[in-house]
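Per-entry structural report
For reference, the chains in residue letters:
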Amino acid sequence: MKSVKIAELKDKLSEHLRAVEAGEVVIVTDRDRPIARIVPIQPAESPLRFNEPATAFQALRGKKWPAARWTLSSAQLLEAERKET
């Protein structure tokens with residue numbers, strides 16, 4: 001892992017990108033404070049697969065769904081979710 005300042009990265013971008021392509025990690029610093037990390041892209045282990053839906057959309061389009069019967073309001077649920085993160 002090597003550390004480079006923004007100006008050096010701009011001056012030698014191709015050189016640093018070749019190093020990343022070869023597997024090296026480059027930390028970009030601004031006034032000796034790390035601000036970014038450039039890492040090589042890892043090849044995907046398996047290609048994306050798309051599964052066919054079990055039910056056609058047209059069959060669900062006109063269906064009436066029952067209302068949710070929650071004991072909390074939407075605002076309370078949102079507030080609880082925000083506290084978790």
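For clarity, every value in this text was computed on a predicted model and none was experimentally measured.

Side note on the overall build of the protein
- Within the protein, the secondary structure is distributed over 4 helices and 3 strands.
- Mapped in sequence order, the helices and strands of the protein form the string β-α-α-β-β-α-α.
- Against the compact-globule benchmark of 12 Å for 85 residues, the protein has a radius of gyration of 25 Å, which places it well outside the compact range.
- Principal-axis analysis of the C-alpha atoms gives the protein an extent of 60 × 35 × 20 Å.
- Burial analysis of the protein (85 residues in total) assigns 12% to the buried set.

Remarks on the packing of aromatic side chains
- For the coordinates displayed, the defined rule picks out 0 aromatic pairs.
- Here the guanidinium or amino end of Lys63 rests over the ring plane of Trp65, the centre of that ring lying 4.8 Å away.

Quick word on the side chain of Thr29
- Relative to the assigned elements, Thr29 resides in strand E2 (residues 26–30).
- If we skip the residues at most four places from it in the chain, Thr29 touches Ser3, Val4, Lys5, Ile6, Pro34 and Ile35.

A word on the nonpolar core
- By size, the foremost hydrophobic cluster in this structure holds 5 residues: Val4, Leu9, Val20, Val26 and Val28.
- In this view, Leu9 contacts Val4, His16, Val28 and Ile38; residues no more than four positions away in its chain are not counted.

Section: the sheet that holds strand E1 (residues 2–5)
- The strand order across the open sheet formed by 3 strands is E1-E2-E3, and the pairing between neighbours is mixed. Unpaired on one side and paired on the other, E1 and strand E3 (33–38) mark the two borders of the sheet. The sheet shows a mean angle of 35° between the axes of neighbouring strands, direction not considered.
- In the packing of helix H2 (residues 13–21) onto the sheet, contacts are made with E1, E2 and E3, and the angle to E1 comes to roughly 160°.

Structural notes on the confidence of the model for the protein
- Here the protein shows a mean pLDDT of 90. Residues at 70 or above account for 99%.
- Per-residue pLDDT, averaged within each element of the protein, yields its smallest value for helix H3 (residues 57–61) (86) and its largest for E2 (97).

A word on the pattern of salt bridges
- Summed over all chains, the structure comprises 2 salt bridges.
- Among the ionic pairs, Asp30 bridges to Arg31, the shortest N-O distance being 3.7 Å.
- Taking the relative accessible area as the measure of exposure, Arg31 reaches 74% and is therefore exposed.

The rules we used
- Residues numbered from 1 in each chain as written.
- Predicted model: local features only at pLDDT ≥ 70, side-chain atom pairs only at ≥ 80, totals over all residues.
- Heavy atoms only, no water.
- Helix = DSSP H or I, 4+ residues; strand = E, 2+ residues; numbered from the N terminus.
- Rg over C-alpha atoms; globule rule 2.2 N^0.38 Å.
- Buried < 20%, exposed > 50% of the residue type's maximum accessible area, 1.4 Å probe, protein only.
- Phe/Tyr/Trp six-rings, centres within 6.5 Å; stacked < 30°, edge-to-face > 60°.
- Lys NZ or Arg CZ within 6 Å of the ring centre and 35° of its normal.
- Contact = heavy atoms within 4.5 Å.
- Core = buried A, V, L, I, M, F, W, Y, C linked by side-chain atoms within 4.5 Å.
- Pairing = 2+ DSSP bridges.
- Axes fitted to C-alpha atoms, helices over the stretch in contact; angles between N-to-C directions.
- pLDDT = per-residue confidence, 0-100.
- Salt bridge = Lys/Arg side-chain N within 4 Å of Asp/Glu carboxyl O.

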